[in-house]
Amino acid sequence: MQRGAILVLSGPSGAGKSTIINASSDEIGEYYFSISTTTRAPRVGEEHGVDYFFVSKEAFEEDIKAGNFLEYAQVHGNYYGTSLKPVRVALSEGKLVIFDIDVQGHRLVRAKMNDITTSAFITPPTLKALEDRLRARCTDDEEVIVGRIENAKEEIKAVDEYDFTIINDTVEKAAKEFVIVAKAARLKQSSEDEEKFITQWLSK
Ligand code: ADP
Ligand code: 5GP
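Remember, predicted model here, so these are calculated numbers, not experimental data.

Student: Help me get a handle on the site of ligand 1, residues and values and all.
Tutor: As a structural note, the neighbourhood of ligand 1 is formed by 14 residues, with G14, K17, S18, T19 and N168 the closest of them. A distance of 2.9 Å separates an oxygen atom of ligand 1 from a polar backbone atom of G16. K17 has a polar backbone atom sitting 2.8 Å from an oxygen atom of ligand 1. Relative to its unbound accessible surface of 560 Å², ligand 1 loses 74% to contact with the protein. In this structure, ligand 1 is accommodated by the largest pocket. Elements that contribute at least two residues to the shell around ligand 1 include exactly α1 (17-24) and α5 (127-137). Sorting elements by how many residues they give to the shell around ligand 1 places α1 first, with 3 residues. Of the residues belonging to the shell around ligand 1, the class tally is 3 nonpolar, 7 polar and 4 charged.

Dropping the structure here:
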């Protein structure tokens, strides 16, 4: 049975992760984008079930207790988590599953599913560019922006934990690089599949 693969994307809020995925979606083949669950409030234009599943803190904590998350973390004072079930289904269908999660989430996914995981850290070329883009996005108030910038100064230190770094200088260039990374991620085989391949290869 064909098995899927995981591509984890991390990078500061405002790095351009959504922009790059949207710009590349026609070229990366069939994929499943994991819609996270969060307790943060929706931004203008965000939709429940499209951008995130927006839930209360109580509902999130119920899901934690029920063991429904593959991983979850607190980021900028809110909970964010990846539900296990849809990811399992997509993987069993052989899909590339793309996660937009923070560095803590990446560590947890690595700990659980390292052999099918590829990761890329996406960042604007400089801290100043990140600040400018967060302000230009006009989706967060000043206090939230300052918090995100402080968080970014910490997150950038984890860049060496990732397989690839994509510098989002222009969207066009970053999207091209992202397509290459997505194609490479699909080629990653689980150790189980590799063993099967070796057995088959030897027997013919
Ligand atoms: P993320 O999903 O990582 O939080 P977004 O995709 O929302 O980031 O991008 C943050 C803001 O920066 C958006 O307003 C987006 O239009 C803008 N942006 C993204 N990439 C670039 C780029 N290469 N140059 C200039 N602005 C960009
Ligand atoms: P934002 O509020 O800008 O949408 O996201 C804030 C941060 O939370 C980003 O770094 C994003 O990658 C991260 N994030 C989003 N969903 C998840 C998730 O399900 N798990 C984890 N660990 N981080 C997430």
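Okay, back to it.
Student: Any details on the pairing of strand β6 (residues 78-83)? Residues and values, ideally.
Tutor: Note that strand β3 (residues 37-38) and β6 share 2 bridges and pair antiparallel. Counterpart to T38 in the pairing with β6 is Y80. Two elements, strand β5 (residues 69-75) and β6, share 6 bridges in a ladder whose sense is antiparallel. Residue pairing in the sheet places V75 in a bridge with N78 of β6. The loop that links β5 with its antiparallel partner β6 comprises 2 residues; one of these, H76, has a positive phi angle of about 50°.

Student: Got a sec to walk through the sheet that holds strand β4 (residues 53-54)? Specific residues and values, please.
Tutor: With respect to topology, 4 strands assemble into an open sheet ordered β4-β3-β6-β5, the strand pairing being mixed. With partners counted over all chains shown, the strands left at the sheet margins are β4 and β5, one partner each. Bridging between β3 and β4 involves 2 bridges; their strand directions are parallel. Bridge pairing in β4 links T37 to F53.

Basis of the calculations
- Residues numbered from 1 in each chain as written.
- Chains lettered and ligands numbered in written order.
- Predicted model: local features only at pLDDT ≥ 70, side-chain atom pairs only at ≥ 80, totals over all residues.
- Heavy atoms only, no water.
- Near = heavy atom within 4 Å.
- Polar contact = N/O pair within 3.5 Å; in protein donor to acceptor, adjacent residues only side chain to side chain.
- Areas by Shrake-Rupley, 256 points an atom, 1.4 Å probe, with all protein chains shown as cover.
- 1 Å grid on protein atoms, 1.4 Å probe; cavity = no way out; pocket = protein on both sides within 12 Å on 5 of 7 lines; lining within 4 Å.
- Sits in = over half its atoms within 2 Å of the grid points.
- Helix = DSSP H or I, 4+ residues; strand = E, 2+ residues; numbered from the N terminus.
- Nonpolar A, V, L, I, M, F, W, Y, C, P; charged D, E, K, R; others polar.
- Pairing = 2+ DSSP bridges.

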